[in-house]
Amino acid sequence: MVISMLVKAVREGLYVERDSECLSELATYELRQNGSYGALPGSHDDILMTRAIGLHICFREMEMPRVVMRSRRFTPSERPASAAVF
């Protein structure tokens, strides 16, 4: 289920991987004869699995983010104490 979400997200353009190491792992990941997925012998899949788990959480477990429009900008003295400053 986790891997199928990764496959769907990549195939449908919902996620674009930019990390060369993860792309290398994607290139050596296979569907095996017994129906399971795994890295080719001698290859790794740990980075790929972190992406798959993260995408699964984003698309299946979290609420979709919503855009919050502000009517005005806060001055530094008006900014709530909990607001992040970047």
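Structural notes, computed from the coordinates. For every chain, the first residue of its written sequence is number 1, and the numbers climb from 1 along that sequence. The predicted origin of the model limits local features to residues at a pLDDT of at least 70 and limits the giving and counting of side-chain atom pairs to 80 or more, whereas totals for whole chains, interfaces and linings rest on all residues. Side-chain metrics in this entry use all non-hydrogen atoms of the structure; hydrogen atoms and water are not considered.

**A closer look at the overall build of the chain**
Item 1. Per the convention used, a helix needs a DSSP run of H or I reaching at least four residues, while a strand needs a run of E reaching at least two, with both numbered from the N terminus. Helix and strand counts for the chain come out as 3 helices and 2 strands.
Item 2. Written out in order from the N terminus, the α and β elements of the chain read α-α-β-β-α.
Item 3. Only protein chains enter the accessibility calculation, which uses a 1.4 Å probe. A residue is then buried if its area is under 20% of the maximum for its type, exposed if over 50%, and partly exposed in between. Taken over 86 residues, the chain has a buried fraction of 16%.
Item 4. Note on definitions: a residue-residue contact is assigned when non-hydrogen atoms from the two residues lie within 4.5 Å. Pairs at least 24 residues apart make up 47% of the contacts formed inside the chain by residues separated by at least 6 positions.
Item 5. Areas reported here follow the Shrake-Rupley algorithm with a probe of radius 1.4 Å; residue values treat only the protein chains shown as occluding. Total accessible area on the chain stands at roughly 7300 Å², and carbon and sulfur atoms take up 55% of it.

**As for helix α1 (residues 2–11)**
Residue pairs three or four apart in sequence face the same way in an α-helix, which turns once every 3.6 residues.
Item 1. For α1, the set of buried residues is Ile-3, Met-5, Leu-6 and Ala-9. For α1, the arc enclosing every buried residue in end-on projection is 155°, short of the 170-degree limit, so these residues lie on one face.
Item 2. Just downstream of α1, Gly-13 is the residue with a positive phi angle, here 75°. Of all possible arcs, the one meant is that of the directions from the helix axis to the C-beta atoms.

**Considerations on the packing of aromatic side chains**
Think of a pair of aromatic rings as described by two things: how far the centres are apart, and how the planes are tilted against each other in angle.
Item 1. In summary, the pairing rule links any two rings of Phe, Tyr or Trp, Trp by its six-membered ring, whose centres are within 6.5 Å, and it sorts them by plane angle into stacked for under 30 degrees, edge-to-face for over 60 and tilted for everything else. Evaluation of the coordinates by the stated rule reveals 1 aromatic pair.
Item 2. Centre to centre, the rings of Tyr-29 and Tyr-37 are 6.1 Å apart; their planes meet at 5°, and the pair counts as stacked.
Item 3. Looking at Tyr-29, the relative accessible area reads 17%, which means it is buried.
Item 4. Residue classification places Tyr-37 among the partly exposed residues on the basis of a relative accessible area of 36%.

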